[in-house]
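# Secondary and tertiary structure notes
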Amino acid sequence: MAEAHQAVAFQFTITPEGIDLQLSYQALNQIYLSGVRSWKKRVSRVRNSLIKGVYPASPSSWLFVSIAILATMYMRSDPSMGLITKIQSVSLLLSSLHMSLSAQGQTMLSALVFSTLLWLSLILALRFCLKLLLSYHRWMFEQHGRVSNFTKTLLGLLSSRKPLLYSYQTSLPHLPVPAIKDTLSRYLRSVRPLLNDLEYKRMSELASDFEKNLGNRLQRYLKLKALWATNYVSDWWEEYIYLRGRGPIMVNSNYYGMDFLYVTPTSVQAARAGNTITALLLYRRKVNREELKPVRVPGTVIPLCAAQCERMFNTTRTPGEETDVLQHWQDSEFVAVYHKGRFFRLWVYRAGRLMSPRELEYQIQKILDDPSPPQPGEEKLGALTAGDRIPWAQVRKQYFSSGVNKRSLDVIEKAAFFITLDDEEQGMRGEDPAGNLDRYAKSLLHGKCYDRWFDKSFSIVIYKNGKNGLNAEHSWADAPTVAHLWEYTLATDAFHLGYTEDGHCKGEVEPLLPHPQRLLWDIPLEVQAQQCSSLAVAQALADDVDCHIVHFRDFGKGRIKKLRVSPDAFVQISLQLAYYRDRGSFCLTYEASMTRLFREGRTETVRSCTNESAAFVKALENGEESCRRLFRLASETHQNLYRMAMTGAGIDRHLFCLYVVSKYLGVDSPFLKEVLSEPWRLSTSQTPIQQIELFDLKNHPDYVSLGGGFGPVADDGYGVSYIITGEDMINFHVSSKHSCNQTVTNIKPAMVDTSVVCSSSSKAPLPTG
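Computed from a predicted structure; not experimentally measured.

### With respect to the sheet that holds strand β17 (residues 682–686)
- Read across the sheet, six strands follow the order β14-β20-β19-β17-β15-β16 without closing on themselves; strand pairing throughout is mixed. If you trace the sheet from one side to the other, it starts and ends with β14 (545–552) and β16 (603–607), each paired once. Along the sheet, successive strands turn relative to each other by an average axial angle of 25°, direction set aside.
- When strand β15 (residues 589–594) meets β17, the two strands line up parallel, connected through three bridges. Within the sheet, the bridge partner assigned to Tyr590 lies in β17 and is Ser683.
- Strand contacts of helix α20 (residues 627–646): β15 and β16, with the helix running at about 50° to β15, the strand carrying the most contacts.

Take a look at the structure:
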């Protein structure tokens, strides 16, 4: 049977002559090699902990300091100014060794103790200087956003050694708490284009009253937390924005990433799965060994926080009645696989080594060829993760806390990641490529609502025609971290692992591989009934979502940059124009910005609808002559807001934390309540391309990524994700809800014609689209 264990370490029988013990030396050898791999990982962790613990110095620098101190003492000079003598006289350790050490030995040991203390002091001094340097963010506001030579030189001196992935973590500054007066001022400016004079006056009075009375009290508590915590926002953001949400995380929280647009490296489903699994596990190995280069601000040497990488693999969000919990395991030697209603455990290591892509393809093909039907209640078990959280928590506690159900659920939750072998074909294909792309996006966002495990940190989907994609849970990390992983996976799959001429993975298959194991379940009727209820909730949500992908090729960042305009600002202003033409008004607009310049930083909001962008849109629609000047001003304003958000001077996270403090204190603030209840009818995010060196788009122009997307945040709003690919392409992922008759996603975006920026004519040209 497929679910039976294929390797048994030993067997024994009891006979009248005693116990007959039969050892399987092959199985014991596998156990031994697996243990060796585990110990190698532990040694690697200890070594990396030592290296990054003394960064920006190196462990070998201790030897240099010690030799220098001993050399100066040999020359009858005391570099310690008497401290070595004092150490020798007062140390209890040395006094206990007086009988066994000569006077010269005592002096040498005291010198080594002093050298170690001096070395540690130098490390702390270097780290303090590095932290001060990384706290300097004015370079971001310099012309064209370039780092000054002064900053480059100092950072190069302090970080000349090759850093590990987490080397900068302890040197990153803490996120500062903005002055409450500044935050309120910026907030009022951000809502001005959305309110009439009376509404703005009322909001100004609420803000003024809040600042004079409750605001300063809440601010004091927040500053106290900032002194104590590594990051005053991230833990509350993770808990209250993500983990305490009781509604479905499918569509509402999870997001997706897509395959190449034009290319599918192989049409063999099992082969694509074999290479994809291998690439993901190679990335995990690099994360565990800290061999990845620290992520930096694009075009600079400034490092970003890498804390989100720690929970990338072997992580699951487990449901609770009040709040969910993120569970992370140090290691996992298997992945969980779903195919046609059956769950499997697939071991990915053999004799302490990672299986080859060809071996993994062979194992996946066994799953595809397995004719066994799903067990009762097994096929739609994943619907529990797609519906409301409280019913799933109650069912999990009552029916999955012991026995065979717990053992099988543990396999899914402790797996490195989750894989769905989908029996559909997806991608830009056939007679309706645009419509197929939209269906591809919807499939990755929610699938059939029961064939994904939405609680896993990320799930990989491999389609029947070889197309792939991922669905990521949002609470543990933000999209740039997952995008970094997915870029590596796609590039490694296509350019490094590759395929044979007939589309199969390269390599050989070792005989006697352990078969994938069917997971066993005992699903009672009560759980099956709850599956139906959760599936109904999820299906209604999925059916309501409308997704559309816009593949824009009229121009891209190459032409925009020639005009010395930020491509991101250009797109954001175009989105304001599109929304205004769609609804005849402006709305509160969310653009995600990172705060990973700070330790454990996550995101901040750039409020893209500004006075300046609104003025430009109105002038353009009215055919006024000042369009060019107003566009420049709107672009500069947006860039400045983005920089302020990145450097800790944003609006929304500060107000959010003040609101959390008010709830802990049991006091109500009409101002905060109104601010946090405002709907984000236009929620936007750019998917960054972070590893340009992995993709040779000049020689392989077809290997462009579609990026990814997410569902709408407001019932009457839009979710817009975009990726600026290459020099002449921008891909948009637009989502909305069918139930709102005011939103339509299947329209061409209103992109501002670049002649608006560069034209010397006094007449404003019309936008394209």
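### So, the state of the cysteines
- Counted according to the given criterion, the structure contains zero disulfides.
- Counting only cysteine sulfurs, Cys309 is the nearest neighbor of Cys305, a cysteine outside any disulfide, at a range of 8.7 Å.

### Topic: empty space enclosed by the protein
- The final tally for this structure, using the stated rule, is three cavities of 30 Å³ or more.
- Volume-wise, the largest cavity comes out at about 120 Å³.
- Elements represented by at least two residues in the lining of the largest cavity include exactly α9 (234–243), β16 and α21 (652–665).
- For the lining of the largest cavity, the class distribution of residues is seven nonpolar, eight polar and three charged.
- Roughly 40 Å³ of internal volume is contained in the second largest cavity.
- Top element by residues in the lining of the second largest cavity is helix α15 (residues 479–497). It accounts for three residues.

### Brief notes about helix α14 (residues 433–446)
- Across its 14 residues, α14 extends 20 Å between first and last C-alpha, which sits within 8% of the 20 Å expected from 1.5 Å per residue.
- Most of α14 sits inside the fold, with 10 of its 14 residues counted as buried.
- For α14, the set of buried residues is Gly435, Asn436, Leu437, Asp438, Tyr440, Ala441, Ser443, Leu444, Leu445 and His446.
- The inward-facing, buried residues of α14 abut β3 (255–258), β11 (458–462), β12 (468–472), α16 (525–544), β14 and β18 (708–710).

### Quick word on the UniProt feature "active site" (unreviewed entry) in the protein chain
- Here, the residues flagged by UniProt with the feature "active site" (unreviewed entry) are His474.
- By relative accessible area, His474 is classed as buried at 17%.
- If sequence neighbours within four positions are ignored, His474 has contacts with Tyr242, Ser253, Asn254, Tyr255 and Arg602.

### Here's the deal with a nonpolar patch on the surface
- A cluster of nonpolar side chains, namely Val113, Leu117 and Leu120, defines an oily patch on the protein surface of about 230 Å² accessible area.
- Residue Leu117 is classed as partly exposed on the basis of its relative accessible area of 47%.

### Remarks on the pairing of β11
- Taken across its five residues, β11 has five buried, putting it largely inside the fold.
- Taken together, the four bridges between strand β10 (residues 418–421) and β11 define a ladder with parallel strand orientation. Each residue of the ladder has a partner; that of Thr420, found in β11, is Val461.
- This β-α-β element, β10 to α14 to β11, shows right-handed connectivity.
- Two elements, β11 and β12, share five bridges in a ladder whose sense is antiparallel. Looking at the pairing, Phe458 lines up with Ala472 of β12.
- Where β11 folds back on β12, the antiparallel hairpin that results is connected by five residues, among which Gly466 adopts a positive phi of roughly 95°.

Conventions used here
- Residues numbered from 1 in each chain as written.
- Predicted model: local features only at pLDDT ≥ 70, side-chain atom pairs only at ≥ 80, totals over all residues.
- Heavy atoms only, no water.
- Pairing = 2+ DSSP bridges.
- Helix = DSSP H or I, 4+ residues; strand = E, 2+ residues; numbered from the N terminus.
- Axes fitted to C-alpha atoms, helices over the stretch in contact; angles between N-to-C directions.
- Contact = heavy atoms within 4.5 Å.
- Disulfide = S-S within 2.5 Å.
- 1 Å grid on protein atoms, 1.4 Å probe; cavity = no way out; pocket = protein on both sides within 12 Å on 5 of 7 lines; lining within 4 Å.
- Points joined across faces, edges and corners; volume = space filled by probe spheres on them.
- Nonpolar A, V, L, I, M, F, W, Y, C, P; charged D, E, K, R; others polar.
- Expected span 1.5 Å × (residues − 1).
- Buried < 20%, exposed > 50% of the residue type's maximum accessible area, 1.4 Å probe, protein only.
- UniProt positions renumbered as here; feature names shortened; annotations may be inferred.
- Patch = residues over 30% accessible without salt bridge, like charges linked within 9 Å, V, L, I, M, F, W, Y side chains within 5 Å.
- Areas by Shrake-Rupley, 256 points an atom, 1.4 Å probe, with all protein chains shown as cover.
- Salt bridge = Lys/Arg side-chain N within 4 Å of Asp/Glu carboxyl O.
- Right-handed = clockwise from strand over helix to strand, strands pointing away.

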